[in-house]
Structures are given as structure tokens and as C-alpha cells.
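# Results of the structural survey
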Amino acid sequence: EAGVTQFPSHSVIEKGQTVTLRCDPISGHDNLYWYRRVMGKEIKFLLHFVKESKQDESGMPNNRFLAERTGGTYSTLKVQPAELEDSGVYFCASSQEKGGRTDGYTFGSGTRLTVV
Amino acid sequence: GIQVEQSPPDLILQEGANSTLRCNFSDSVNNLQWFHQNPWGQLINLFYIPSGTKQNGRLSATTVATERYSLLYISSSQTTDSGVYFCAGLDRGSTLGRLYFGRGTQLTVWP
């Protein structure tokens, strides 16, 4: 089966511009998560979709970040306008089960975002 | 609160050496697991190990949940083992699937 796909793999944008990251989860996985790793720090949770609904968006840093999941399939994460501190690697993960056993988590390869 | 702490932050080895990575976690964390971020950025799930010991090839992991720590052992390390190793767990008091990660151990294996 295809894994979790993210694109672009890399993006370099100027401060103030807009960037949209995309994640295609494993087909049939209701749960989709976004995480971010800022250089040298831990991977931090951003938000969690169950199908098309936002289950938990407590990790979203501010209102410059907007996540959507159209029809419960792929998801986009838009940053507008981008700031320097938004640089980092953005990971998407999907799973079938919401909690408990999480060995069903599959992560994508991440999008490395650099804001200059 | 929810805490996941890893040590050491950096580890440099010669090929063939063994290593042990440690993860301490607070009482509010369970369902511990280990991930490897390889040099290409991919985040690979190594072990789901809420307790006990598991082995997969040269890698093995042990979690002693009662003492709130987990260990990842890498034997006969190879250059392909390089990358960042993360441990992560769930909030015991939540039904959501949000993972809490440590800061990782950066492993460099030299030929």
C-alpha cells in the first residue's frame, strides 16, 4: 500500500509569502495529524483531524496557520504570511485508530520549510 | 505535566560499536514508542513498546513502565543507523492520539 505522501519535500519562501503544504494519508485512515520540528527541538503536535473534522487543534501556533481536510481525504496546511520562525520540518501522519495502540502510526517524509 | 526527556542529545560512534539511548517519561505518559529520522528526513516507526522488551535485528528496546524509562539498544552500529532517534508517548489521560516527543538523540556513525 502507498504510504503517507507529503509535498513539496522542500520549500524556500520569503518572509511574508504564503506556502501551502499537502499531505495524502494512507487510504482509509480516518486520523490525520500534523507535527512540526523546529531546528534542534522536539517534534511538536499541531493538529489532529478525524475524517474532515478538526478533533484537536490546540497545537496550532497562531492564526497564520490554517489546516483543512477536504472530504476527509488529503489535507493542506497553509501558512500566511510566513515568518522566519515558521522554518522547520512539517510532518504528517495518519492512523486508523485514534488512540491506544499507536503502532499504526505512519509518518510522511516531511516538508522542509525555510523562510528567508 | 507531560514530559519526555532523552539522553544523550548527541552520540558519535565508530562503525561496529554498541550504544544505548535513554528516554525518561513522566507518569502521565504511556504507549511509548521509538522513531528514527534518517538523513533523508523520513520518520520511521521502530518500536511500539509500552512495556517489556522487543527486538528487531540489531535493534532492541526495553520499557520499564513502573520506573518511567525506556532504552533503545543499537548493536554493531552501521553508518546507515545515523540520524535522529526520538521517543514519544501518549497522554495517559486522553483518548486522543496526539504524540508527545522528546528532543531526540542525534546519532552519527563513522565508517
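Provided above is the structure to which this section pertains.
Throughout what follows, the structure given in this document is the object of discussion. Nothing here was measured: the structure is a model prediction, and the numbers come from that model.

All names here are of chain A. Residue alternation in strand 7 (residues 65-69) divides its side chains into a buried set, F65, A67 and R69, and an unburied set, L66 and E68. In this sheet, strand 8 (residues 75-79) lies alongside strand 7 in antiparallel orientation, the contact comprising five bridges. Of the residues in strand 8, the one forming a bridge with F65 is V79. Connecting strand 7 to the next strand, strand 8, in antiparallel fashion are five residues, including G71 with a positive phi near 60 degrees.

Moving on, we come to the sheet that holds strand 1 (residues 5-7) of chain A. Residue and element names in this part refer to chain A. One open sheet holds the four strands; their spatial order is 1-3-8-7, and the pairing between them is antiparallel. Two strands close off the open sheet at either side, each with one partner strand: strand 1 and strand 7. The average undirected angle you get between the axes of adjacent strands in this sheet is 15 degrees. Here strand 3 (residues 19-24) pairs with strand 8 via five bridges, running antiparallel. Counterpart to L21 in the pairing with strand 8 is L77.

With that settled, the discussion passes to unusual backbone geometry. In the segment running from A:Q80 into A:P81, the intervening peptide bond is cis, with an omega of -10 degrees. Within the fold, A:P81 resides in the loop between strand 8 and strand 9 (88-95). Cis peptide bonds are those with omega within 30 degrees of zero, and the linkage from B:S7 to B:P8 qualifies with -10 degrees. Positive phi values are uncommon outside glycine, yet A:K51 reaches one of about 55 degrees. Of note, B:N31 is a non-glycine position whose phi angle comes to about 55 degrees, a positive value. Mapped onto the elements of the fold, B:N31 is located in strand 4 (residues 29-37).

For the structure on display, the rule yields two disulfides over all chains. Paired through a disulfide, A:C23 and A:C92 show a sulfur-sulfur distance of 1.8 Å. The S-S bond linking A:C23 to A:C92 shows a torsion near -65 degrees; that makes this disulfide left-handed. Residue A:C23 is found in strand 3, and its partner A:C92 is found in strand 9; the two are separated by 69 residues along the sequence. Looking at A:C92, the relative accessible area reads 0%, which means it is buried. Note that B:C23 is cross-linked by a disulfide to B:C87, the S-S spacing being 2.0 Å.

Conventions we followed
- Residues numbered from 1 in each chain as written.
- Chains lettered and ligands numbered in written order.
- Predicted model: local features only at pLDDT ≥ 70, side-chain atom pairs only at ≥ 80, totals over all residues.
- Heavy atoms only, no water.
- Buried < 20%, exposed > 50% of the residue type's maximum accessible area, 1.4 Å probe, protein only.
- Helix = DSSP H or I, 4+ residues; strand = E, 2+ residues; numbered from the N terminus.
- Pairing = 2+ DSSP bridges.
- Axes fitted to C-alpha atoms, helices over the stretch in contact; angles between N-to-C directions.
- Disulfide = S-S within 2.5 Å.

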